[in-house]
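# Residue-level structural notes
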Amino acid sequence: MCNLSKGVYDRAVVDSIKKLMNNKGWDMEECMDVLEIAEEKRKIYREAIHETIMTV
C-alpha cells in the first residue's frame, strides 16, 4: 500500500472508531474489537485518536 493509501485508510479507521465511541457509547477497545483491529496496530490508532481529541 502506498503512503497516501495508508494515510487515507488509517484516517478512515480513526474516524470509524470515533463515530462508534460517540454514537454507541463504547470505549475505544470495544470499538477496535468490533472492527477487528489487530493488536499490533491498536497502539497507532490509540495515539491518533488521543491526538485528535487533544487538538479539538
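See the structure printed just above.
Rules used throughout
- Residues numbered from 1 in each chain as written.
- Predicted model: local features only at pLDDT ≥ 70, side-chain atom pairs only at ≥ 80, totals over all residues.
- Heavy atoms only, no water.
- Helix = DSSP H or I, 4+ residues; strand = E, 2+ residues; numbered from the N terminus.
- Rg over C-alpha atoms; globule rule 2.2 N^0.38 Å.
- Buried < 20%, exposed > 50% of the residue type's maximum accessible area, 1.4 Å probe, protein only.
- Contact = heavy atoms within 4.5 Å.
- Areas by Shrake-Rupley, 256 points an atom, 1.4 Å probe, with all protein chains shown as cover.
- Lys, Arg positive; Asp, Glu negative; His and termini not counted.
- Charge placed at Lys NZ, Arg CZ, Asp CG, Glu CD.

What the protein contains, in helices and strands, is 3 helices and 0 strands. Along the protein, from the amino end to the carboxyl end, the secondary structure elements read α-α-α. Computed over C-alpha atoms, the radius of gyration of the protein comes to 11 Å, within 12% of the 10 Å expected from 2.2 N^0.38 for 56 residues, which places it in the range of a compact globule. Counting only C-alpha atoms, the protein reaches 35 × 25 × 15 Å along its principal axes. The burial tally for the protein puts 23% of its 56 residues in the buried class. A sequence separation of at least 24 residues applies to 32% of the contacts in the protein between residues at least 6 apart. As presented, the protein carries roughly 4300 Å² of accessible surface, and 56% of it is formed by carbon and sulfur atoms. Looking at the protein, you have 9 positive and 11 negative side-chain charges, and the mean spots of the two groups are 5 Å apart.

A positive phi angle, close to 55 degrees, is found at Glu36, a residue other than glycine. Here Glu36 shows up in the loop between α2 (28-34) and α3 (39-54).

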